[in-house]
Amino acid sequence: MSHAWLPSLFAWIVPFMGGDFAVRQWHHVMMWFFIIFTMVHVYLVFYHDYVEGRGVISSMAGGWKFVEKRRN
């Protein structure tokens, strides 16, 4: 419905996907995919930081990284 140039670049998507309802459904599914992916990704980043024990992510959040000195 818009006459601007940016929306007209994507005007082919609605007929290609079979209508407004199909585009809305795919948009909804992909939105939830990205939300769940982000939540799982953030959880696994912190879990890996905890298991590995190097404190890389913790140092990004807190600003401090404690490194043990090796004894010879």
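Described in the following lines is the structure provided in the data block. Here the structure is a predicted model, which is why all the values come from computation and not from measurement.

What follows concerns the overall build of the protein chain. When its secondary structure is counted, the protein chain shows 4 helices and 0 strands. Along the chain direction, N to C, the helices and strands of the protein chain fall in the order α-α-α-α. Against the compact-globule benchmark of 11 Å for 72 residues, the protein chain has a radius of gyration of 23 Å, which places it well outside the compact range. Expressed as lengths along the three principal axes of its C-alpha atoms, the size of the protein chain is roughly 70 × 25 × 20 Å. Buried positions account for 6% of the 72 residues belonging to the protein chain. About 7,400 Å² of surface is accessible on the protein chain, with carbon and sulfur atoms providing 69% of the total. Both charge centroids of the protein chain, one from 6 positive and one from 4 negative side chains, sit 13 Å from each other.

So, on to a nonpolar patch on the surface. A contiguous nonpolar surface patch, about 1,200 Å² in accessible area, is contributed by Met31, Trp32, Ile35, Ile36, Met39, Val40, Tyr43, Leu44, Tyr47, Tyr50 and Val51. Relative to the helices and strands, Tyr43 resides in helix H3 (residues 20-52).

With that settled, the discussion passes to H3. Residues separated by three or four positions in an α-helix point in the same direction, a consequence of the helix having 3.6 residues per turn. With 33 residues, H3 should cover 48 Å at 1.5 Å per step; its first-to-last C-alpha distance of 47 Å lies within 8% of that length. Residue Gly53 follows H3 closely and has a positive phi angle near 80°.

Bringing the side chain of Ser59 into the picture now. Positionally, Ser59 belongs in helix H4 (residues 56-62). Side-chain polar atoms of Ser59 contact the backbone oxygen of Val56, separated by 2.6 Å. Setting aside chain neighbours within four positions, we find Ser59 in contact with Trp64 and Lys65.

Throughout the structure, instances matching the rule amount to 4 aromatic pairs. Here the aromatic rings of Tyr43 and Tyr47 are separated by 6.0 Å at their centres, their planes lie at 15°, and the arrangement is stacked. Placement of both Tyr43 and Tyr47 in helix H3 is noted, with a separation of 4 residues, approximately one turn of the helix. Owing to a relative accessible area of 54%, Tyr43 belongs among the exposed residues under this scheme. Residue classification places Tyr47 among the partly exposed positions, given a relative accessible area of 44%.

Rules behind the numbers
Throughout, residues of each chain are indexed from 1 in the direction in which the sequence is written. Local features in this predicted model are restricted to residues whose pLDDT is 70 or higher, and side-chain atom pairs enter the listing and the counts only when it is 80 or higher, whereas totals over whole chains, interfaces and linings include all residues. To get the side-chain values, take all heavy atoms of the structure and skip hydrogens and water. Elements are defined by DSSP. Helices are runs of H or I of four residues or more, strands are runs of E of two residues or more, and each kind is numbered from the N terminus. Computation of the radius of gyration draws on C-alpha atoms, with the globule rule given as 2.2 Å multiplied by the number of residues to the power 0.38. Under the scheme applied here, a residue whose accessible area is under 20% of the maximum for its type counts as buried, over 50% as exposed, and between as partly exposed, the area being computed with a 1.4 Å probe on protein chains only. Per-residue and other accessible areas were derived by the Shrake-Rupley procedure at a 1.4 Å probe size, with only the shown protein chains allowed to occlude residues. Residues scored as charged are limited to Lys and Arg (positive) and Asp and Glu (negative), so that His and the chain ends carry no count. Here the site of a charge means NZ on Lys, CZ on Arg, CG on Asp, or CD on Glu. Patch rule: a residue counts if its relative accessible area is over 30% and it has no salt bridge; like charges are joined within 9 Å, and nonpolar side chains (Val, Leu, Ile, Met, Phe, Trp, Tyr) within 5 Å. Salt bridges are identified by distance alone: a Lys or Arg side-chain nitrogen within 4 Å of an Asp or Glu carboxyl oxygen. Multiplying 1.5 Å by the residue count of a helix minus one yields the expected span of that helix. Counting of polar contacts relies on pairs of N or O atoms within 3.5 Å, with two restrictions inside protein: one atom must be capable of donating a hydrogen and the other of accepting it, and residues adjacent in sequence are counted only when both atoms are side-chain atoms. Contact between two residues is taken to exist if any of their heavy atoms lie within 4.5 Å; hydrogens are not considered. Planes of paired rings set the category: under 30 degrees apart is stacked, over 60 is edge-to-face and the rest tilted, where pairs are Phe, Tyr or Trp rings (Trp by its six-membered ring) whose centres lie within 6.5 Å.

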